[in-house]
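Structural characterization, general
Read off the chains here:
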Amino acid sequence: MGSHCESSVKIPPIKFTKLFINGNFVDSISGKTFDTIDPRTGEVITKVSLGDREDVDLAVKAARHAFDYGPWPRMSGSERGRMMMKFADLIEENVEEIAALDAVNGGKLFTLCKAIDIPVAARTLRYYAGAADKIHGTVLKMSKGLQGYTLREPIGVVGSIIPWNFPTTMFFMKAAPALAAGCTLVVKPAEQTPLSALYYANLAKLAGIPDGVLNVVNGSGETAGAAISAHMDIDKVTFTGSTEVGRKIMAAAAASNLKPVSLELGGKSPLLIFDDADIDQAADIAFRGMFYNKGEICVASSRVYVQEGIYEKLVKKLIEKAKATVVGDPFDPQVNQGPQTDKKQFEKILSYIEHGKREGATLLTGGKHVGQKGYYIEPTIFTDVNEDMIITKEEIFGPVMSLMKFKTMEEAIKRANNTTYGLASGIITKNLNVANTVSRSIRAGVVWINCYTAFDADCPYGGYKMSGYGRDFGLEALNQYLQIKSVVTPI
Ligand code: TAP
């Protein structure tokens, strides 16, 4: 495990730090701000306006007005699509600057933000822009004397509460289908990563998206987030984050106006590697599946089950990969793993590692923080673990893998399903029968066969069990922002 801390990339001046309400950057009503932190050092990058309930109210008023009276839901789908395409073009023209914002704010690798996160945002907008003029109802086959059809109408004002691990992807996986449907939005980014969301708000304005359609209120979850989930004038909430907060959001929705909620919550996803797997390919997939984005990814393959015939060889390969990982400044192109997003997360991960040791798991590699400042942690692998241990049960959301051995496919399926979560899973095998049987037996929203974290705008993702419900991406996500109205007349 190396560490590397030199970078030649200059962090651009931060242009947008206020709330974005009704097409304008404004101070919060209280005038309060909060510090947004650089996880490389723990130092302040800049101050950002701190939105509270009153600011959420203002943003909801703007979104409500834009929905009830404004042009956005009323214009043709192709016109909405045209503006969304323009929005995508503007993102592509500013990739470097936006990538730097997510890297400095979230400790994410600059090169990956530039190559993946930001271009994918543009692709996601284009995917849904292309769907905006294809939102059809159906003609109903009714009994004698009646004729009818359905209309699919935008659901209304959407509250979007998003986490910090993929600030850009999360923003657009919610906003793009909602915009295509004709909805208006109030977005609350995570406190840790407010910067790119404000940048996107400005680009939306430049793209011609009318005032009030896309509002961004930065603030704390307990005040601004809670105000969104309890708001009587918000018609739907979409959330990604922890199971604990997901519960609170559902309860607030139930106690207010019964708004529908979609929840993409945590995971403890299993990856099953069978004896016939190519060892190098399997090690690559397992390593990237777990340590991508420093393990701060809800679908992380944090439980890796390896069939006994190849277990020892695979362990060796994974240790080699962990030791070869360069942990350091996410702006340095030689670095493979940046800092954890914030101090709280950093400390939480280290305490899970200590817990694993106390529970009797064997620490194969890693386990320590790196450097004197910033929130860096070594890629960490535990073995001699089982499904009863805390480190194998709970979502750690950091670079910590639990590695386990299995004998038969039936045993692997049973153990893979032995979790309260059901977000993602993976299988590595050349045997089609095994791949088919396992993929139908695992209770999770996605099964990756001989790959992992293979996302696409056309492919829906979401949870079974306590990983939530509803889907992001794909046309399924678009449906979540639409209502069905039946129109019936006698003939
Ligand atoms: P959460 O607390 O779930 O944060 C997600 C979002 O919800 C943030 O915008 C947060 O606001 C907001 N929020 C917090 N309390 C709220 C409330 N009462 N009502 C409405 N919104 C609220 O996640 P976290 O504390 O950042 O991380 C804790 C753990 O959650 C992690 O360790 C990880 O296990 C899990 N997590 C999962 C995911 C995914 S993708 N499944 C993503 C992030 C975290 P603020 O944080 O700005 O206050």
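Residues numbered from 1 in each chain as written. Predicted model: local features only at pLDDT ≥ 70, side-chain atom pairs only at ≥ 80, totals over all residues. Heavy atoms only, no water.

1. Notes on the site of the ligand
Applied cut-off: Near residues are defined by distance, with any heavy atom within 4 Å of the molecule or strand qualifying the residue. Within 3.5 Å is the distance limit for a polar contact, defined as a pair of N or O atoms, with the added protein rule that one can donate a hydrogen and the other accept it, and that residues adjacent in sequence qualify only through two side-chain atoms. Residue-level accessible areas treat just the shown protein chains as cover; the underlying method is Shrake-Rupley with a 1.4 Å probe. Helix numbers and strand numbers start at the N terminus; a helix is a DSSP run of H or I with at least 4 residues, a strand a run of E with at least 2. For this scheme, ten residues count as nonpolar: Ala, Val, Leu, Ile, Met, Phe, Trp, Tyr, Cys and Pro. Four count as charged, namely Asp, Glu, Lys and Arg, and the remainder, Gly too, count as polar.
As a structural note, the neighbourhood of the ligand is formed by 31 residues, with Trp164, Glu191, Gly221, Ser242 and Lys348 the closest of them. Here an oxygen atom of the ligand sits 2.9 Å away from a polar atom, N or O, in the main chain of isoleucine 162. Residue tryptophan 164 places a side-chain N or O atom 2.5 Å away from an oxygen atom belonging to the ligand. Compared with its free state, where it exposes 860 Å², the ligand has 91% of that area covered by protein. At the level of elements, helix H7 (221-229), strand E11 (236-240), helix H8 (243-255) and helix H11 (343-359) are the ones that each hand at least two residues to the shell around the ligand. By residue class, the composition of the shell around the ligand is 14 nonpolar, 10 polar and seven charged.

2. Overview of unusual backbone geometry
This is how it is decided: Relative accessibility decides the category of a residue: with a 1.4 Å probe and only protein chains considered, values under 20% of the type maximum give buried, values over 50% give exposed, and everything between is partly exposed.
Positive phi, close to 55 degrees, is recorded for asparagine 22, a residue that is not glycine. Inspection of the secondary structure puts asparagine 22 in the loop between strand E2 (19-21) and strand E3 (24-26). Classification of asparagine 22 as partly exposed rests on a relative accessible area of 36%. Unlike most non-glycine residues, lysine 465 shows phi in positive territory, near 50 degrees. Its place among the elements puts lysine 465 in the loop between strand E22 (447-449) and strand E23 (468-469).

3. Focus: the packing of helix H4 (residues 110-131) against helix H5 (residues 167-181)
This is how it is decided: To get an axis, a line is fitted to the C-alpha atoms, and for a helix only the part in contact is used. The angle between two axes follows their N-to-C directions and goes from 0 to 180 degrees. Each angle receives one of four descriptions, namely roughly parallel if under 35 degrees, roughly antiparallel if over 145, roughly perpendicular if within 65 to 115, and oblique otherwise. Contact criterion: two residues are considered in contact whenever any of their non-hydrogen atoms come within 4.5 Å of each other.
For the pair H4 and H5, the least separation of the axes is 9 Å and the interaxial angle reads 10 degrees. Between H4 and H5, the angle is such that the two are roughly parallel. Residue-level contacts link Asp117, Ile118, Ala121, Thr124, Leu125 and Tyr128 of H4 to Thr168, Thr169, Phe172, Ala176, Pro177 and Ala180 of H5. Classifying every residue of the contact of H4 with H5 gives eight nonpolar, three polar and one charged.

4. Details of the pairing of strand E20 (residues 400-406)
Spelled out, the test is: Think of it this way: DSSP has to see at least two bridges between two strands before they count as a pair.
Among the seven residues of E20, six are classified as buried, and the element is accordingly described as predominantly covered. Where strand E14 (residues 303-307) lies against E20, five bridges are found, and the strand directions are parallel. Residue pairing for E20: tyrosine 305 is matched across the bridge by methionine 404. One ladder, built from three bridges, connects strand E19 (residues 380-383) with E20; its direction is parallel. Bridge pairing links isoleucine 381 to methionine 401 in E20.

5. Some words on the confidence of the model for the protein
Here is the rule: pLDDT gives the predictor's per-residue confidence on a scale running from 0 to 100.
On average, residues of the protein score 97 in pLDDT, and 98% of them reach the 70 mark or higher. Reported confidences for the modelled complex are a pTM of 0.97 and an ipTM of 0.96.

6. Focus: the state of the cysteines
Think of a disulfide as a covalent bridge from one cysteine sulfur atom to another cysteine sulfur atom. We count it as follows: In this description, a disulfide is simply a cysteine sulfur pair whose atoms lie within 2.5 Å.
Scanning the model with the defined rule gives zero disulfides in all. With no disulfide of its own, cysteine 298 has cysteine 459 as its nearest cysteine by sulfur position, at a separation of 13 Å. According to the relative accessible area criterion, cysteine 298 is buried, its value standing at 10%. Left unpaired, cysteine 451 is separated from the closest cysteine sulfur, that of cysteine 459, by 9.6 Å. Residue cysteine 451 is classed as partly exposed on the basis of its relative accessible area of 25%.

7. Observations concerning the packing of aromatic side chains
Cut-off, in case you're wondering: Stacked, edge-to-face and tilted are the three classes for Phe, Tyr and Trp ring pairs, Trp counted by its six-membered ring, which pair at centre distances within 6.5 Å; planes under 30 degrees apart are stacked, over 60 edge-to-face, the rest tilted. By the criterion adopted, a ring carries a charge over it if an Arg CZ or a Lys NZ lies within 6 Å of its centre and within 35 degrees of its normal.
Here the structure, examined in full by the defined rule, presents 19 aromatic pairs. When the centroid spacing of 4.5 Å and the interplanar angle of 55 degrees are considered together, the rings of phenylalanine 455 and tyrosine 461 count as tilted. Residue classification places tyrosine 461 among the buried residues on the basis of a relative accessible area of 6%. Among the aromatic residues, ring-to-ring pairing joins Trp448, Tyr452, Phe455, Tyr461 and Phe473 into one connected group. Of note, lysine 108 hangs over the ring of phenylalanine 166, and the distance from its end group to the ring centre comes to 3.7 Å. Sitting above the plane of the tyrosine 481 ring, lysine 236 keeps its charged end 5.5 Å from the centroid.

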